[in-house]
Every structure is written in C-alpha cells, then in structure tokens.
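# Observations on the three-dimensional arrangement
This is what each chain is made of:
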Amino acid sequence: HQHQHQHQHQHQHQHQHQHQHQHQHHHDDREEEHPLPRRRREPAPPQSSLMEEFRQHNRQGSGARNWDCHAIRGHVVEFAKDQDGSRMIQRRLENAGAGELQVVYTELLPEALPLMTDVFGNYVIQKILEHGDNTHRQGIVREMKDNVVRLTLQTYGCRVIQKSLETCPLSLQQVIVQELDGHVPKCVQDQNGNHVIQKCIECMPNNVEFILKAFQGQVVRQLATHAYGCRVMQRILEYCRANPHSVLAKQCRPVMNEIVNLIDTLIDDQYGNYVLQHVMLTGEKDCAKRIVTRVRRAFYALSTKKFASNVVEKMFEFASEQDRGAIVKELIERKTSDGHSELFGLMTDQFANYVAQKVIDLSDPSWQQAIIEHIRPHLHLLRKYTYGKHIISRVEKLSNQRNHRR
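Bear in mind that the values here come from a model prediction, so they are computed numbers and not experimental data.

A few words on the overall build of the protein chain. Looking only at helices and strands, the protein chain has 28 helices and zero strands in total. Buried positions account for 52% of the 406 residues belonging to the protein chain. Relative to all contacts within the protein chain whose residues are 6 or more apart in sequence, the contacts with residues 24 or more apart total 72%.

What follows is the structure, encoded as structure tokens:
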C-alpha cells in the first residue's frame, strides 16, 4: 500500500514531464469530427503494372533499393499512397538531386492537399518541405489555403503543418498561422491541434500574440485546467523563463496575472497545478510572491491535497529564508483536531509527507534542529504510520550528521 501511494505521488511529479513530450504518433479516434472535404467515395483505381512490378521486386528483395523517382514518373502519387512506395520516395528525397526532387514535386503538387492527410502520403510531403527549397515550400503552403485549421485538427495533417512551421521562412509561417487566428482555443484543446500551437510558440515566438490574446478572459481557466491546454501554457511559460526580455515574455504578463488570480481554482486541479508551478519558475517575482502568500495562508490544508501538495512543495523552494522560517514556526505551534502539531500531521499524511520532507531538506540548520527536537518525542508514534517511515529516516540522517560534526 505504501509503495502504491508513493508511486501515485511520484506519478504526479513525473506528469509534468510527460506533458512536455510531443505525442505525434497516436491514433486519432475522433478523426471523423473534423473531416476534410471529401469527394464521393469511388472504387480504388486498379493497381498499375509498374506498382505490381515494384511490389514483386520488394517481395523478392531483388533490386527495390535500385528504384529511383525517375523510374516512377507518371505514378508518383500512386507510389506516395503505398506504404513501400512512400518509403522508397522518402529515402530517395533525402539525397536526391534537384531533378529527381522536381519530378516528385511537380506530380504531387496538384494532389498535395489530400496527400497531407494520407497515412503514407503525408511523409512524402514532409520530405519535400525538409529537402526542397523555398519555392517548393511556397507551392505546398499555397495548396493548404483555407484548409489550415482542418489540417491542424487531423492526425496526419497536423504533422505536415508542424513540418511547414519548422522549415518555412517567416513570411510563409505567417501565411499559415493567420488561418489559425480565431481558432486557437479549439486547436489547443484538440489532441492533434495542440501540437501545432506548441510548434508556433517554438518556431515563431515573436509572432504568437494571437495565441496570448485568445487566452485572455475566461479562456485561461478553460485552458489551464485542460490536458492539452496546460501543455501549451507550459510551453509559453518555459519560453518566457528562458528569454525573460523577449517580446513574448512582455506580452505574457497579463496572462500570468490571470493565472495567479485563479490560484484557488487551479491549485488542486490535475493540470492547473502544473501551470501554477511554471509561473513560479518563470521568475516573475510579483507573481511568485503572490503565490507564496496565498499558499502560506492555508499551508497545512493544501499540503494534504493530492495535486495542491505539488504546488506547496514548489512554493517552499521559492520562499525566502524568512518565509520558510515563519512557516516552520507556524507548523510547530499550530495544532490539528487530534491535538498534534500541524508538522506532525504533515508527516503522517499520504500526500503531505512529501511536503514535510521538502520542509526538512530546505530549512536552514537552526530550523532543522527545531524540527528534530519537536519530532524526537513522537518517533514511536511516527513508526506506526506508513508515511512516517520516510520522515524518520530523514530525521535520523540529520541527527547523525550533526553528531558527526560535533
């Protein structure tokens, strides 16, 4: 049981990092919600004799690697939609000369839009963006016109949009994102779209005011408590932390103020708690100070809550020496309903014991001594609690270090 609870809490602390990974290779169960314009479903065209020959070579393992894009002229779209054909084209484009790349580009361009959402074709489009020049990129971006939002919300289309943002010059990036303006909340809350919004922040951070404007007002509450919305907010706050004098950091201040104003809503939310932690990490002193003040008022109660306890730990790290000392003094002096000190209560709670460990580790030596003296008479009681054992080992370790110094 002890390990189970320990694992649960560790999971909460790891959750932040899990949020920061891009899950581009997931299956979109809701693809049908955002269909691209579809032609009436027609029977698949018969397979060409060239494709049959290619597949036969593939099966036999004889010479498929010797095929190039010149050899499939007139059949490039058919090959791009085939798993092995797509792989062959991708492989060739990585080292292709200008002529071979042009063969692929010229044939694919009229069918570029449907290929962007094709399970195999999207990878070929990405390779053209990666290995082509800005003329090729401009042609592909032109084909996206009036479809950027739909592509952003589609499993394969969102990858093409991301690759476009990574490879295109600013002028083409702006053509893409102007279609996203006005659709930010919908994109942020979508399992595919949120990756595109994150990519905008990564690739063109000085041109994403449209994202921040979309966040203002009630949207902060809506997005900060959302699985994907909190990822996007974390990306923005991480950038601001790394680039405190940037345009984005200045534009972000009103959003950070709104986040802090919503502390009571966000602090024990499974996603909102991470957004609050990131606000403290950005180094905005006024915001961090307001969070410290609010958490300090209800330190004990918040420490016993599953998600809020993460924020309490982070807050103790950012608190001044003076604030830390005052908090320890209050925890020792205040009593809980069972007559024990709040500090003892922290040590025996499934979530708050992690806060207690942080308090012991980060307090200055004189307060550490006060904690040891306060807890020593209660060690026999602590041993009865599952979570007390973590504390005992810390207190004993500190006592031994002090005795050793003497």
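Let us keep going from here.
This paragraph deals with the packing of helix α16 (residues 229-242) against helix α19 (residues 272-281). Angle between the axes and distance between the axes are the two parameters that describe a pair of packed helices. Running from amino to carboxyl end, α16 crosses α19 at an angle of 5°, the nearest separation of the two axes being 9 Å. On the basis of the axis angle, α16 is roughly parallel to α19. In contact with Cys230, Met233, Gln234, Leu237, Glu238 and Arg241 of α16, α19 contributes Tyr274, Val275, His278, Val279 and Leu281. Grouping the constituent residues of the contact of α16 with α19 by class yields seven nonpolar, two polar and two charged.

Let us look at helix α20 (residues 285-297). The end-to-end C-alpha distance of α20, which contains 13 residues, comes to 19 Å, matching closely the 18 Å that a straight helix rising 1.5 Å per residue would cover. The set of residues buried in α20 consists of Cys287, Ala288, Ile291, Val292, Arg294 and Val295. Elements in contact with the buried residues of α20: α17 (247-261), α18 (263-266), α19, α21 (299-303), α22 (308-318) and α23 (321-333).

Per the stated rule, a full pass over the model turns up five aromatic pairs. Chaining the aromatic ring pairs together yields one cluster made of Phe54, Trp67 and Phe79.

A complete count under the given rule lists 20 salt bridges for this structure. The shortest N-O distance in the salt bridge between Lys358 and Glu317 comes to 3.0 Å. In this pair, Lys358 is assigned in helix α25 (residues 352-362) and Glu317 in helix α22, connecting sequence segments 41 residues apart. Residue classification places Glu317 among the partly exposed residues on the basis of a relative accessible area of 32%. Connected through shared salt-bridge partners, Glu130, Lys163, Glu166, Lys199 and Glu202 make up one network.

This part is about the nonpolar core. In terms of nonpolar packing, the biggest core is built from 118 residues, with Ile89, Leu180, Ile211, Phe215, Ile259, Val295 and Phe299 touching the most fellow members. Examining the composition of this core, we find that seven residues originate from one element, α17, more than from any other.

When you line up the elements, Thr336 lands in the loop between α23 and α24 (342-347). For Thr336, a relative accessible area of 16% corresponds to the buried category. Beyond its immediate sequence surroundings of up to four residues, Thr336 is in contact with Tyr300, Ser341 and Glu342.

We now examine empty space enclosed by the protein. Under the defined criterion, the tally for this structure stands at three cavities of 30 Å³ or more. What the largest cavity holds in volume is close to 40 Å³. As for the largest cavity, its lining consists of Leu212, Phe215, Met233, Ile236, Leu237, Cys252, Val255 and Ile259. Those elements giving two or more residues to the lining of the largest cavity turn out to be α14 (209-215), α16 and α17. In the lining of the largest cavity, the residues fall into eight nonpolar, no polar and no charged.

Tallied over the entire structure, the rule returns zero disulfides. Among the cysteines around Cys203, which has no disulfide bond, Cys200 carries the closest sulfur, lying 7.9 Å off. With a relative accessible area of 24%, Cys203 lands in the partly exposed category. There is no disulfide at Cys240, and the cysteine sulfur nearest it, in Cys252, is 3.9 Å away. Overall, Cys240 belongs to the buried group, its relative accessible area being 4%.

Below, the discussion takes up the environment of Val188. Here Val188 lies in helix α12 (residues 184-188). Distance from Val188 to Gly229, taken between C-alpha atoms, is 5.5 Å for residues 41 residues apart in sequence. Excluding anything up to four places from it in sequence, Val188 contacts Asn194, Ile197, Phe215, Leu223, Tyr228, Gly229 and Val232.

Across the 11 residues of α22, nine count as buried, placing the element largely inside the fold. Along α22, the residues classified as buried are Ala308, Ser309, Asn310, Val311, Val312, Glu313, Lys314, Met315 and Phe316.

About the criteria used
- Residues numbered from 1 in each chain as written.
- Predicted model: local features only at pLDDT ≥ 70, side-chain atom pairs only at ≥ 80, totals over all residues.
- Heavy atoms only, no water.
- Helix = DSSP H or I, 4+ residues; strand = E, 2+ residues; numbered from the N terminus.
- Buried < 20%, exposed > 50% of the residue type's maximum accessible area, 1.4 Å probe, protein only.
- Contact = heavy atoms within 4.5 Å.
- Axes fitted to C-alpha atoms, helices over the stretch in contact; angles between N-to-C directions.
- Parallel < 35°, antiparallel > 145°, perpendicular 65-115°, else oblique.
- Nonpolar A, V, L, I, M, F, W, Y, C, P; charged D, E, K, R; others polar.
- Expected span 1.5 Å × (residues − 1).
- Phe/Tyr/Trp six-rings, centres within 6.5 Å; stacked < 30°, edge-to-face > 60°.
- Salt bridge = Lys/Arg side-chain N within 4 Å of Asp/Glu carboxyl O.
- Core = buried A, V, L, I, M, F, W, Y, C linked by side-chain atoms within 4.5 Å.
- 1 Å grid on protein atoms, 1.4 Å probe; cavity = no way out; pocket = protein on both sides within 12 Å on 5 of 7 lines; lining within 4 Å.
- Points joined across faces, edges and corners; volume = space filled by probe spheres on them.
- Disulfide = S-S within 2.5 Å.

Interpretation in functional terms is not warranted from these geometric data alone.
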